[in-house]
Structures are given as C-alpha cells and as structure tokens.
Amino acid sequence: TMRSFNIIKSIAYACVALAMFSCNYLDVSDELAGNLSKEQVFNDPSYTRRWHRNIFTGIPDYSNIRVKDVKGDVGINNPWAALCDELNFGNLTQAAYNVQGGFNAGSACAHRWGTLYKLIRQANTFLEESHVIAPTGSQVDFLDENEYKQLVAQAKFLRAFYYYQLFELYGPIPLVNEALDPYNSELDLPRNSVDEVVDYICKEMKALVDEDGGLSPIETDENRLALPTKGVALAVIAKTRILAASPLYNGGYAEALTLVNNDGKRLFPDADPNKWKIAKEAMEEFLTFANGKYSLYKVYKSGTQTIDADNSLYNLFMSYNKEIIWASSKTFFNKLPSWGYDWLCTPFSEQKGNQSAGVMQELVDDFFMKDGLTIKESPLYKEDGFTTQNGQAIYNQWIDREPRFYQTVFYQGRKWQVKNNPINFYYGSNNGADKSATYPATGYLLFKRECRKLYNQGSLPKVQYRPSIIFRLADFYLLYAEVLNEINPNDLRILEYIDYVRERAGIPLLKNIKPELLGNQEALREAIRRERRVELCTEGQRYFDVRRWMIAEKDGYKQGGDFYGMNMFGPKGDRSAFYERVLVETRKFNKSMYLYPIPLDQVQISKQMVQNPGW
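Keep in mind that what you see is a predicted model, and the values were worked out from it rather than measured. (Residues numbered from 1 in each chain as written. Predicted model: local features only at pLDDT ≥ 70, side-chain atom pairs only at ≥ 80, totals over all residues. Heavy atoms only, no water.)

## Thoughts on the overall build of the chain
Secondary structure summary: the chain contains 20 helices and 10 strands in total. Against the globule reference of 25 Å for 615 residues, the chain gives a C-alpha radius of gyration of 25 Å, in line with a compact fold. Across its three principal axes, the chain shows a C-alpha extent of roughly 75 × 60 × 55 Å. Burial statistics for the chain: of 615 residues in total, 61% are counted as buried. If you take every contact in the chain between residues at least 6 apart in sequence, the share linking residues at least 24 apart comes to 72%. Counting only carbon and sulfur atoms, one obtains 49% of the accessible surface of the chain, whose full area is about 23,500 Å². (Helix = DSSP H or I, 4+ residues; strand = E, 2+ residues; numbered from the N terminus. Rg over C-alpha atoms; globule rule 2.2 N^0.38 Å. Buried < 20%, exposed > 50% of the residue type's maximum accessible area, 1.4 Å probe, protein only. Contact = heavy atoms within 4.5 Å. Areas by Shrake-Rupley, 256 points an atom, 1.4 Å probe, with all protein chains shown as cover.)

Structure, rendered in structure tokens:
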C-alpha cells in the first residue's frame, strides 16, 4: 500500500529540491546532489519520490499577488490582479512598469514558460525512468504497484495541467512528451496548433478520469487535499474547452489567424460555434460528477435557513470546504509583520502593515448595491455626502453596497479588526507628497481573503493557514451560465446558475429583479461578466477573462487608459479633498497584449519558434 505522508508539507518542501537540479529550458540535470545518476535515483524509493514531488512545484499560488521584481517566473502565481483592472501596487513594482510603460518580448514580467517547461521535462523523465521498486535484502522502503500507479497518474496530470497554464497565457505552444536532451537540436521545436493543444490536454485528462487506481475521485484526507483528483481533471477539461470556444482562440483574433509556423502550418483556427457545444458537454460532465461532492459554501444564520452572506463569503477562504475543487499545497502567502498577503493588505497604522494592495476605483464601482442593481441603476446609490456608522462618517458611495463589496474593499473610516481602530488612509501634503511611500495609491485597501484574527502585537496570532484556491465551484457555475447563453439565450438554467452565486452573495436573484434578461444574449453576457467581475475578483480570473472575450478595449473592461481612486494627496489639512475621484495611473494596452509574448530568448535561439502577433 502507499506510504502515508503529509502531501501538503512534502510538496511544499519539494521547492528545496530545486537546488538539486541544474535547470535550463526543458532541462533537469541527469545528476542529483552527491553525483547520483538517473539509474541510482530511480532505483531508490526515497529519491524517486523526491523527484516526483518536485514536479508539483509549478502549481500556482494565487495568494502571492505582488510583482516586486522579475526574479523567476512570477506568472505561475497571481500577478494578474495587479496586471489587470483590479489592483494597483503603487509606482515601484515591476507590475507598474509593465502596465504603465508597456513592455516588449524581452521585458514582460509575468512568464510561466521556463518554470513549467522544466517541470514538464521533469515529469517526462519520471514517466520514462521510474518503475516499481520491490524490497530487497535489508531494504525497508519500497515502491509497490499501487503507489507507483498513483505517482504516474499525478505526473501525467501535472504535465497536462502545466500545458493548460501555458496555453492560457501564450496560446498554442509546443507539446513535448519525452525528456529531450536539452543540449540537442531536438529542442528546437515548432508550436502545435490551438486544436492540437486543446485535444491533447483533454485527452490526457480524460484518460486519467477513466483509469482505475490512479487519481482518486476526490480527496477528503486533510494530508492529501493538495493532490489532483478526477474532479480536478474534469475541471481542467471544462476550462480548456471554454478557452477553445472563446473568441481569442476561436476565430475572434484576426491577427492570430494569419500566424503560421515556418512550414506554413496555421496555429489558430477559424471560428467554429460548435466549440461552445463541446464546452457545454465538458462542463456538464464536470457538474454531473460534482453533484454531491462539491457545493457552494454557505453559513446559515443561527436556527434559520437564511444564508449569512457575510460569514459565508469570509469563511469560504479561511479553511478547506466543499466549494474548493483544488487548492495549492503551498502555505498561504500570509505573514505579519513581514512579507506576505496579510502584510500587503494591512494598514500602516496597524503595527506597520504594508498597505500597498490598492483596489482600483473601477472595481469598487462595479460591485452591486444591496438591492442587486448596479450603481447606475439603483436608487440606493448616493454620489456625495456622508452617513454615520459606528461613530464614523462614511462616504455615501460606500453605503448600502452588496456583501461582496464589504468582504473585498477596506475604505476610509472603516474600523480595523481586533483593536477596532478607525482607519485613515488620507495622507495629504503641500506638494503632492512622496508617491514612493508605502500607501494604497487608490485610497482603498484589499480586504478579501485577509484573516481577521491576525494582529501584529504581543501574543496575538500573526500567521493563519488558508487554502490558496485554484478552482472553486462558483467559477464553474458562472462558466456554465456562459456556455448556455452562447448556445441558447432562452435556456432557463442561465439565470438559475447565476442566481446560485447571487443567492450565496446575499443579493436579490436576477430571475426576480431582471427576468427580462432571459433571451437577450448580449444583456446576459453583460450580466454574467459583471457577476464574474465581483465574485472572482483578485483570484486570478479577470486578466484572462477580458482577453479570452476579446473585450479588453471595450468600455467597462478596458485594460488601458486612465484609472482612478480617491485623492490620497490633496492639500494637507483638507480632509474633504480625499473624497475627490482623481487619476491614479494611466496604463497602456495594445492588441498584441491579448496573448503574452513567447520569451524573447526562446525565440532567438530557436529556428522554428514563431512569436505571437505584434511582438
């Protein structure tokens, strides 16, 4: 039987093993520390497991949101919240340089390429070299057939998942399913087409779903929750099929339709509406499997069947629960008072938090009011003035908003946790202030996923483990509504699945307040996109959504142009000046940015690798 081990810790610790390998593109050295050969490694159960666990180190950590510099492939984490219209980290981060000044194929800051191709090679090497290891002589440890089958299935899953992550960012990429010599010209490979990449990922994942003895259907053992499962494999298939059906990959990107390999092979297909039907089938296969295994996380008010939206939305992110389809094995990026998620989201006044994760005004404005309507539609929305709450004057624009707003945005005058201190973000100056200081440049601070038990003082807790969620069910409910709408906007299930998410969020259902949406495909698109905007904000989805929809230049979705916030730097002593909406930054977006550039050094050394359009 499989040796028991704490998979969360062992995979996280596998990062240490990176030091054992000499890594170039698609390269893991033939030797480990101590000059061990592959034969020695794969004839030893312990070394075999260490090699295998290192393959897990490319799994994204969506709690790591800061793009401070360009060391390593930060794109395997979550720079995307700062690289789209969600967060601003001030002027000193690499993200700021990339979105404000634009970038080229040599200066892009959020790659996945090098890291994931190294790990794909590591998976390929494992699949080629590893084998069952029977006990011999006095040897206590061994690798039996049951454990080995699970390790092989996990390696195959990770290889296909890393291809999904590469495809999501770069579009069609080379598929490499053997451990090629990194110093051999075989590595000079052309890109596979969109359809080839999609079919490969889905075929690999489907084989793992259908196989007995490999991946578990789901995991409930707390020591193994980070392992991929059949449920996760079905989720990846559904996500991949939705990418393939979306305009960016399905005939909507005119410049990509002319992209060809050196031999003339086209990489992007013409538009095929039938791909939405294929995506629907994949989504329904996942949802059928999910029934009874996953469910939206809900907390009910004591003794009632009434959903407690605030507690539901907060505790969703505080521990493993049935909404989580898959979460990273990595410890949530969360230290006080040093570098981490909570530090970035804590006011400076509260024991020197970093307070640099500024929420964009555009995201603030996109949250609904508590009546479920937008700020443009709702009679509850007040543009100016103040309301007294808990002894504090709160700007009326932040009054009567939906629960997700209060779970996501921390604003001027709101009271901070534990000590219940009212927070003042207003700096004020006589000369525009020092904009290199640590501050929320927009006048708002990210609050979502912040643990409200932490406080950097005395014996109060400063670290709290939380799952860094990769896939959760609400995302898939909204994706299902999307595919249904693209096929038949009269399908009653469209509003039903949007409303599952709205019900948990504590706002009125669309079927009750906007039943006229049904049948209006464009209006439903807007409703689905708005719901994704607020439900999944800062979770690494928005950047890719606006690109796959090909609407990053459309009003309400623009990734370039002027972005706003409260006035952090009005005249000193004039607190009223803070509540003026001011320009925070101007960002650049051009059409080439719908796809990330293939790393410049990879294109330069390759005779067959063609670059994405416009780079």
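The rest of the description comes next.
## Focus: the pairing of strand 4 (residues 386–389)
Note that strand 4 and strand 5 (residues 392–395) share four bridges and pair antiparallel. Looking at the pairing, Thr387 lines up with Ile394 of strand 5. The antiparallel hairpin formed by strand 4 and strand 5 contains two residues in its connecting segment, where Asn390 sits at a positive phi of about 50°. (Pairing = 2+ DSSP bridges.)

## A few points about the pattern of salt bridges
Following the criterion strictly, the structure yields 45 salt bridges and no others. In this structure, the salt-bridge partner of Lys265 is Glu196, at a minimum N-O distance of 2.7 Å. Here Glu196 lies in helix 7 (residues 194–210) and Lys265 lies in the loop between helix 9 (254–257) and helix 10 (274–290), a separation of 69 residues in the sequence. Looking at Glu196, the relative accessible area reads 32%, which means it is partly exposed. (Salt bridge = Lys/Arg side-chain N within 4 Å of Asp/Glu carboxyl O.)

## Side note on the packing of helix 10 against helix 15 (residues 473–487)
In contact at an axis separation of 9 Å, helix 10 and helix 15 are set at 145° when each is read in the N-to-C sense. The element helix 10 and its partner helix 15 pack so that their crossing is left-handed. Here Trp276, Lys277, Ala279, Lys280, Met283, Glu284, Phe286 and Leu287 of helix 10 come into contact with helix 15, specifically with Leu473, Phe476, Tyr477, Leu479, Tyr480, Glu482, Val483, Leu484, Glu486 and Ile487. The residue makeup of the contact of helix 10 with helix 15, split by class, is 13 nonpolar, no polar and five charged. (Axes fitted to C-alpha atoms, helices over the stretch in contact; angles between N-to-C directions. Left-handed = near helix turned anticlockwise from the far one by under 90°. Nonpolar A, V, L, I, M, F, W, Y, C, P; charged D, E, K, R; others polar.)

## Quick word on helix 10
The periodicity of an α-helix, 3.6 residues per turn, causes residues three or four places apart in sequence to face the same way. Between its first and last C-alpha, helix 10 extends 24 Å over 17 residues, near the 24 Å set by a 1.5 Å rise per residue. Within helix 10, burial applies to Lys275, Trp276, Ala279, Lys280, Ala282, Met283, Phe286, Leu287, Phe289 and Ala290. Buried residues belonging to helix 10 abut helix 7, helix 8 (230–245), strand 2 (324–328), helix 15 and helix 16 (493–505). (Expected span 1.5 Å × (residues − 1).)

## So, unusual backbone geometry
If you check the backbone angles, Asp400 has positive phi at about 65° while not being a glycine. Looking at the secondary structure, you find Asp400 in the loop between strand 5 and helix 14 (403–408). Non-glycine residue Val418 carries a positive phi angle of around 65°. Locating Val418 in the fold gives a position in the loop between strand 6 (409–410) and strand 7 (445–446). Relative accessible area serves as the criterion here: at 43%, Val418 is assigned to the partly exposed category.

## Quick look at the environment of Lys607
You can see Lys607 is positioned in the segment after helix 20 (600–605). Each C-alpha atom of the pair Lys607 and Asp188 lies 6.5 Å from the other, and the pair is 419 residues apart in sequence. With near-sequence residues (within four places) excluded, Lys607 lies in contact with Asp188 and Asn262.

## Side note on the environment of Leu259
Topologically, Leu259 is positioned in the loop between helix 9 and helix 10. For Leu259, a relative accessible area of 11% gives the class buried. Every residue in contact with Leu259, bar those within four places of it in the chain, is listed here: Arg191, Lys265, Arg266, Leu267, Phe268, Val610, Gln611, Asn612 and Pro613.

## Quick word on the nonpolar core
Phe157, Phe161, Tyr163, Met205, Phe286, Trp398 and Phe471 are the most contacted members of the largest nonpolar core, which totals 185 residues. With 16 residues, the top contributor of residues to this core is helix 6 (residues 145–170). Beyond its immediate chain neighbours, meaning those up to four positions away, Met205 contacts Phe157, Ala160, Phe161, Ala233, Val236 and Ile237. (Core = buried A, V, L, I, M, F, W, Y, C linked by side-chain atoms within 4.5 Å.)

## Re the packing of aromatic side chains
Using the criterion set out here, one finds 48 aromatic pairs in the structure. Through a chain of ring-to-ring contacts, the aromatic side chains of Trp80, Phe103, Trp113, Tyr117, Tyr163, Tyr170, Tyr200, Tyr543, Phe544, Tyr596 and Trp615 assemble into a single cluster. The positively charged end of Arg529 is found above the aromatic ring belonging to Trp549, 4.8 Å away from the centroid. Over the ring of Tyr543 we find Arg547, and its NZ or CZ is 3.6 Å from the ring centre. (Phe/Tyr/Trp six-rings, centres within 6.5 Å; stacked < 30°, edge-to-face > 60°. Lys NZ or Arg CZ within 6 Å of the ring centre and 35° of its normal.)

## Thoughts on the packing of helix 7 against helix 8
At a closest axis distance of 9 Å, the pairing of helix 7 and helix 8 adopts a crossing angle of 160°. When the axes of helix 7 and helix 8 are compared, the pair comes out roughly antiparallel. Classified by chirality, the crossing of helix 8 by helix 7 is left-handed. Contact residues: Val198, Asp199, Ile201, Cys202, Met205, Lys206, Leu208 and Val209 in helix 7; Lys230, Ala233, Leu234, Val236, Ile237, Thr240, Arg241 and Ala244 in helix 8. In terms of residue class, the contact of helix 7 with helix 8 is made up of 11 nonpolar, one polar and four charged. (Parallel < 35°, antiparallel > 145°, perpendicular 65-115°, else oblique.)

## Here we look at the state of the cysteines
Scanning all chains against the criterion turns up zero disulfides. Cysteine Cys84 is unpaired, with the sulfur of Cys537 as its nearest cysteine sulfur at 9.7 Å. (Disulfide = S-S within 2.5 Å.)

## What to know about the confidence of the model for the chain
In this model, the chain carries an average pLDDT of 90, and 91% of its residues clear a pLDDT of 70 or more. In this model, residues 1–6 is a region of pLDDT below 50 whose contacts with residues beyond four sequence positions or in other chains number 13 contacts. The low-confidence segment residues 12–31 (pLDDT under 50) makes 49 contacts with residues lying over four places distant or belonging to another chain. (pLDDT = per-residue confidence, 0-100.)

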